[in-house]
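Breakdown of the fold
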Amino acid sequence: MTIIERKEKLDCFVSVVVVVNNQCETVEAFLKNAHQHLAAHFTDYEIVIIDQCSTDGTSKLVERLLLETPSVRFIELSAPVYLDIALAAGIENAIGDFVILMDPESDPIDCILNTVELCRNNHDIVIGVAKQYNSLAYNLVRPLIQKALKAIGYHLPRNATNLRCLSRRAVNSVTQAGCFHQQFFIRISNTGYPTAIFNYELNPHSSRNRTIVEGIRETIRMTVFNSTKPLRWMSALGVIGSMIAFLFASYSIIINFFKHDIV
């Protein structure tokens, strides 16, 4: 990852959206580092925190930090939801010219400036790509998972993370499309706007890895609930089965006109 150095602040409004869930130990350091980074590089900014009903005191900690750190907005969900739904809630409340979705534990703070620079360079969507240490079983089935996702029109680069930077028109396209039944990242990939790849390294202390169970469960959820293709596949299978049954029934009727001793 190349860190961009700037002497002047960028004259734009940047929103950083993060989702926390029982991350009391890391959210304070992230907020302070993010605030310093944003204040040094941008004229206007905000940090939108979406809390997934944390039970470790995260909400109380953030409420205290709201008094110490400016430009922070705190949204507490009424119940735990999937990560993409929480991010969708964050992006709908973000008001910046550029919106960055990042993981406070695994994504470095420097990603903010770098992805915004890419997004300003005629790219409406920036996708983060980083080497991830997944389980051996997950790496073995990963090619099948990729093929299943491509079959429903979800094209992602290898080792893509949840890090995203979206321009305002990309944000408007995602929030105003009306396809709320689709998974959040599929809605982003289907905007059709120019996309750039941002290669970076995860934080050394990050424990991010995926298991085969998690990968298969997420693939099934995305395939079944975000595309009509599985329904079409089952319909085609039903048509083929019906044709086979019709041919067998026709054969049974015709053969009885010539032979009567066939079971």
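A brief structural summary. (Residues numbered from 1 in each chain as written. Predicted model: local features only at pLDDT ≥ 70, side-chain atom pairs only at ≥ 80, totals over all residues. Heavy atoms only, no water.)

1. Some remarks on the pairing of strand β2 (residues 42-51)
Side-chain positions along a regular strand alternate between the two faces of the sheet. So the rule is basically this: Buried, partly exposed and exposed residues are distinguished by accessible area as a fraction of the type maximum, computed with a 1.4 Å probe on protein chains only: under 20%, between the cut-offs, and over 50%, respectively. A run of H or I in DSSP counts as a helix once it spans at least four residues, and a run of E counts as a strand once it spans at least two, with each numbered from the N terminus. Note: two strands are recorded as paired if DSSP finds a minimum of 2 bridges between them. When the strands point away from the viewer and the path from the first strand over the helix to the second turns clockwise, the crossover is right-handed.
A large share of β2 lies buried, amounting to eight of its 10 residues. As defined by bridge partners, strand β1 (residues 10-20) adjoins β2 across nine bridges and the pair is classed as parallel. Its bridge partner lying in β2, Phe13 is registered against Asp44. Once the chain exits β1 it traverses helix α1 (residues 24-41) before rejoining the sheet at β2, and the crossover so formed is right-handed. Between the parallel pair β2 and strand β3 (residues 72-76), the chain is carried across by helix α2 (residues 58-68), and the sense of this crossover is right-handed.

2. A closer look at the state of the cysteines
Let me state the cut-off plainly: The criterion for a disulfide is a pair of cysteine sulfur atoms lying within 2.5 Å.
Under the definition given, this model contains zero disulfides. With no disulfide of its own, Cys165 lies 4.0 Å from the sulfur of Cys119, the closest cysteine sulfur. According to the relative accessible area criterion, Cys165 is buried, its value standing at 0%.

3. Here's the deal with the packing of α1 against α2
Inclusion rule: Axis lines are fitted through C-alpha atoms, for helices just across the contact stretch, and the angle between N-to-C directions can take any value from 0 to 180 degrees. We call two directions roughly parallel when the angle between them is under 35 degrees, roughly antiparallel when it is over 145, roughly perpendicular when it lies between 65 and 115, and oblique otherwise. Note: crossing handedness is left-handed where the near helix turns anticlockwise from the far helix by less than a right angle, and right-handed where it turns clockwise. Here, residues are in contact when the closest pair of their heavy atoms is within 4.5 Å. Any residue outside Ala, Val, Leu, Ile, Met, Phe, Trp, Tyr, Cys, Pro, Asp, Glu, Lys and Arg is labelled polar, Gly included; the first ten of those are nonpolar and the last four are charged.
Viewed as axis vectors pointing N to C, α1 and α2 meet at an angle of 20 degrees, and their least axial separation amounts to 9 Å. By the criterion of interaxial angle, the relationship of α1 to α2 is roughly parallel. Classified by chirality, the crossing of α2 by α1 is right-handed. Contacts between α1 and α2 involve Cys24, Val27, Glu28 and Leu31 on the former and, on the latter, Thr58, Leu61, Val62, Arg64 and Leu65. Looking at side-chain class alone, the contact of α1 with α2 contains six nonpolar, one polar and two charged residues.

4. Some points on the sheet that holds strand β6 (residues 160-167)
The strand order across the open sheet formed by seven strands is β3-β2-β1-β4-β6-β5-β7, and the pairing between neighbours is mixed. The strands lining the two open edges of the sheet, one partner per strand, are β3 and β7 (195-199). In this sheet, adjacent strand axes meet at a mean angle of 20 degrees when their direction is disregarded. For strand β4 (residues 98-101) and β6, the ladder comprises four bridges, and the chain directions are antiparallel. Counterpart to Val99 in the pairing with β6 is Leu166. In this fold helix α3 (residues 83-93) packs onto β1, β2, β3, β4 and β6, with an angle of close to 150 degrees to the strand it touches most, β1. Lying on the sheet, helix α6 (residues 168-176) is in contact with β4, β5 (125-129) and β6; it crosses β6 at an angle near 110 degrees.

5. Side note on unusual backbone geometry
A positive phi angle, close to 55 degrees, is found at Asn22, a residue other than glycine. With respect to the helices, strands and loops of the structure, Asn22 is situated in the loop between β1 and α1. Owing to a relative accessible area of 38%, Asn22 belongs among the partly exposed residues under this scheme. Positive phi outside glycine occurs at Asn122, with the angle close to 65 degrees. The class for Asn122 is exposed, based on a relative accessible area of 65%.

6. Re the pattern of salt bridges
The criterion, for reference: A carboxyl oxygen of Asp or Glu within 4 Å of a side-chain nitrogen of Lys or Arg is what we treat as a salt bridge.
Per the stated rule, a full pass over the model turns up six salt bridges. The residue Glu46 makes a salt bridge to Arg73 at a minimum N-O spacing of 2.9 Å. In this pair, Glu46 is assigned in strand β2 and Arg73 in strand β3, connecting sequence segments 27 residues apart. Overall, Arg73 belongs to the partly exposed group, its relative accessible area being 30%. Sharing partners across several salt bridges, the network here consists of Glu28, Lys32, Arg64 and Glu68.

7. Here's the deal with helix α4 (residues 111-120)
In terms of residue burial, α4 counts as a mostly covered element, since eight of its 10 residues are buried. Among all positions in α4, only Cys111, Ile112, Leu113, Asn114, Thr115, Val116, Glu117 and Cys119 are buried. One or two residues past the end of α4 sits Asn122, with phi positive at roughly 65 degrees.

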